[in-house]
Amino acid sequence: MKAVVDPYRHSVRPEDLDLAASLLAASKRPAALTGAGMSAESGLATFRGTHSSLWSRWEPEELATPRAYREDKELVWGWYMWRMGAVARAQPNAGHKALAVMSRRWPYFAIVTQNVDNLHERAGSTRITHLHGGLFEHRCFACARPHPEFVVPADAADGPQLRLAPPRCLHCGGYIRPGVVWFGEQMPEEPWNQATAWLRECDLLLVIGTSAMVQPAASLVGFARQHGAKVVLVNPEDTGHSSLADVHLKAGAAEALPLLLDRLDRS
Ligand code: NAD
Ligand code: ZN
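As a starting point, this report considers the structure included with it.

What counts as what
Once a new chain begins, its residue numbering starts again from 1 and follows that chain's sequence as written. Chains carry letters from A onward and ligands carry numbers from 1 onward, assigned in written order. Owing to the predicted nature of the model, reporting of local features is limited to residues with pLDDT of at least 70; listing and counting of side-chain atom pairs is limited to 80 or more, with chain, interface and lining totals taken over all residues. Water and hydrogen atoms were dropped before computing side-chain values, which therefore reflect all heavy atoms in the structure. Coordination shells were defined by N, O and S atoms within 2.8 Å of each metal, extended to 3.2 Å for Na, K and Ca; water is absent from the atom set, which can make sites look incomplete. Sites are called tetrahedral only when four donors show all angles between 85 and 135 degrees, square planar or octahedral only when four or six donors show opposite pairs over 155 degrees and all other angles between 65 and 115, and irregular in any remaining case. Each helix is a run of DSSP H or I of at least 4 residues and each strand a run of E of at least 2, with the numbering of both proceeding from the N terminus. Burial classes follow relative accessibility: with a 1.4 Å probe on protein chains only, a residue under 20% of its type's maximum area counts as buried, one over 50% as exposed, and anything between as partly exposed. Geometry of aromatic contacts follows a simple scheme: Phe, Tyr and Trp rings, the Trp one being its six-membered ring, pair when their centres are within 6.5 Å, and the pair is stacked under 30 degrees between planes, edge-to-face over 60, tilted otherwise. For helices, the axis comes from a line fit to the C-alpha atoms of the stretch in contact; other axes are also lines fit to C-alpha atoms, and the angle between any two N-to-C directions lies between 0 and 180 degrees. Contacts were defined at the residue level, with two residues in contact if any of their heavy atoms lie within 4.5 Å. Residue polarity follows a fixed list, in which Ala, Val, Leu, Ile, Met, Phe, Trp, Tyr, Cys and Pro are nonpolar, Asp, Glu, Lys and Arg are charged, and the others, Gly among them, are polar. To estimate how far a helix should extend, the number of its residues minus one is multiplied by 1.5 Å. Among buried residues, those of type Ala, Val, Leu, Ile, Met, Phe, Trp, Tyr and Cys that are joined through side-chain atoms within 4.5 Å constitute a nonpolar core. Between any two strands, at least two bridges found by DSSP are needed for them to pair.

1. Considerations on the coordination of the zinc ion (ligand 2)
Taken together, the protein ligands of the zinc ion (ligand 2) are Cys-140 (SG), Cys-143 (SG), Cys-169 (SG) and Cys-172 (SG), with distances of 2.2 to 2.4 Å. One can describe the site at the zinc ion (ligand 2) as tetrahedral: its 4 donor atoms subtend angles covering 100 to 117° at the metal. Ordering the donors of the zinc ion (ligand 2) by residue number gives the pattern C-x2-C-x25-C-x2-C. Residue Cys-143 is found in the loop between β4 (133-140) and β5 (176-180), and its partner Cys-169 is found in the loop between β4 and β5; the two are separated by 26 residues along the sequence. Owing to a relative accessible area of 29%, Cys-143 belongs among the partly exposed residues under this scheme. For Cys-169, a relative accessible area of 6% gives the class buried.

2. Comments concerning the packing of aromatic side chains
All told, the structure shown has 5 aromatic pairs when counted by the stated rule. Seen from their ring centres, Tyr-69 and Trp-182 are 5.5 Å apart, and the 40° between their planes marks the pair as tilted. Of the two residues, Tyr-69 is situated in helix α4 (residues 66-71) and Trp-182 in the loop between β5 and α8 (189-201); the sequence distance between them amounts to 113 residues. Exposure class is identical for Tyr-69 and Trp-182. Each is buried. Every member of this aromatic cluster is reached through a ring pair, and the members are Tyr-69, Trp-79, Tyr-80, Phe-141 and Trp-182.

3. Thoughts on the packing of α8 against helix α9 (residues 219-226)
As a packed pair, α8 and α9 sit with axes 8 Å apart at the nearest point and diverge in direction by 35°. Facing Trp-192, Ala-195, Thr-196, Leu-199 and Arg-200 of α8, the residues of α9 in contact are Ser-219, Leu-220, Phe-223 and Ala-224. Across the contact of α8 with α9, the residue classes tally to 6 nonpolar, 2 polar and 1 charged.

4. A short note on helix α6 (residues 94-105)
Taking 1.5 Å per residue, 12 residues should reach 16 Å; α6 reaches 17 Å between its end C-alpha atoms and fits that length. Buried within α6 are the following residues: Gly-95, His-96, Ala-98, Leu-99, Ala-100, Met-102 and Ser-103. Those residues of α6 that are buried are in contact with α1 (14-26), β1 (30-34), β2 (110-113), α7 (119-123), β6 (204-208) and α10 (253-265).

5. Comments concerning the nonpolar core
If you look at the biggest cluster of nonpolar residues, it comprises 30 residues, and the most contacted ones within it are Leu-99, Met-102, Leu-206, Ile-208, Leu-249, Leu-257 and Leu-260. Secondary structure elements with two or more residues in this core: α1, α6, β6, β7 (230-234), β8 (247-249) and α10. Among the elements that make up this core, the one with the highest residue count is α10 (7 residues). Look past the residues within four positions of Ile-208 in its chain and what remains in contact with it is Ala-32, Leu-33, Thr-34, Gly-35, Met-38, Leu-99, Val-234, Ala-253 and Leu-257. Membership of the second largest hydrophobic core comes to 22 residues, among which are Leu-63, Ala-68, Trp-79 and Ile-176.

6. Structural notes on the pairing of β2
Both faces of β2 are covered, namely the face carrying Ala-110 and Val-112 and the face carrying Ile-111 and Thr-113. As paired strands, β1 and β2 are joined by 4 bridges and run parallel to one another. Residue Thr-34 lies in a different strand from β2, and its bridge partner there is Thr-113. Note: β2 against strand β3 (residues 128-130), 3 bridges, orientation parallel. Pairing of Val-112 across the sheet is with Thr-129, part of β3.

7. Describing α1
With 13 residues, α1 should cover 18 Å at 1.5 Å per step; its first-to-last C-alpha distance of 18 Å lies within 8% of that length. If you follow the buried residues of α1, they end up packed against β1, α6, β6, β7, β8 and α10.

8. Examining the sheet that holds β1
Strand pairing within a sheet occurs via backbone hydrogen bonds; the two strands may be parallel or antiparallel. The 6 strands lie next to each other as β3-β2-β1-β6-β7-β8, forming an open sheet whose pairing is parallel. Since the sheet does not close on itself, it has two edges, and those belong to β3 and β8, each with one partner. Averaged over all neighbouring strand pairs, the angle between strand axes comes to 20°, with direction disregarded. Here β6 pairs with β7 via 5 bridges, running parallel. Residue pairing for β7: Ile-208 is matched across the bridge by Val-234.

9. Regarding the environment of Cys-202
Mapped onto the elements of the fold, Cys-202 is located in the loop between α8 and β6. You can call Cys-202 buried: its relative accessible area is 2%. Once the C-alpha coordinates of Cys-202 and Arg-225 are considered, the two residues, 23 residues apart in sequence, prove to be 9.3 Å apart. Setting aside its immediate chain neighbours within four residues, Cys-202 contacts Arg-29, Ala-31, Tyr-108, Ala-224 and Ala-229.

Structure follows, in structure tokens:
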């Protein structure tokens, strides 16, 4: 038997849940834009928004830039190996799973993510584009050839201070780097074109766990709105997107998204 979730026990306001569910019920082409908060309840730290966020412990300039990699490869590769290990051990949460249910219900359902983890894929969602690359999409720093054959060792989660020499490229002997978009780097064209194509067509955008601080990703919310989409925000905090939202579910993704589906099923 299906468990009945009582919205009054949760921090999402019932009237907000009603409105979000009615928007979703009316939607033919819903989509989601997700950020680090989507995976927070899977145990992966966000970059901003909490005292345990990654950037309050390390300066981004020290770790997530091409210059940092050139200056101290072992430090940067070790830090990414630690993050890769943490992602490999993490599990999709109830929020990722709720989006996968939406993927099955709406053939259109598309996910534009800023996340470099693979939890949407592992939850079973299919139409996904990664604006900032993927932690496991290694490539050569020198010749840019992909190196998917390189697997993260099981002991990679030893700790963030781990220093590790990056492996070498099989083609040119250069160093392997993680396939993420670093600060100061251009976002690759293909995921951006995919994102704008999907969000131009969507009629409802769920904006989940993103601080609205990273451009151009943050601008996609205004873009979808300009093209006629309703906007449902899912975030325990207010963000720069709050004024664009038709409704704001003020709770974590793993709580709010299953509640939304449950409310939809009872409408
Ligand atoms: P961010 O760290 O800047 O902001 C996180 C947002 O999530 C905040 O607004 C916070 O209030 C919200 N949040 C916290 N817990 C939440 C929860 N349980 N449910 C819903 N929302 C929650 O993240 P961002 O906007 O994605 O932007 C920064 C960059 O961070 C991106 O480029 C992304 O690549 C990178 N990043 C990715 C991961 C990952 O892949 N898991 C982790 C950390 C950072
Ligand atoms: Zn190479």
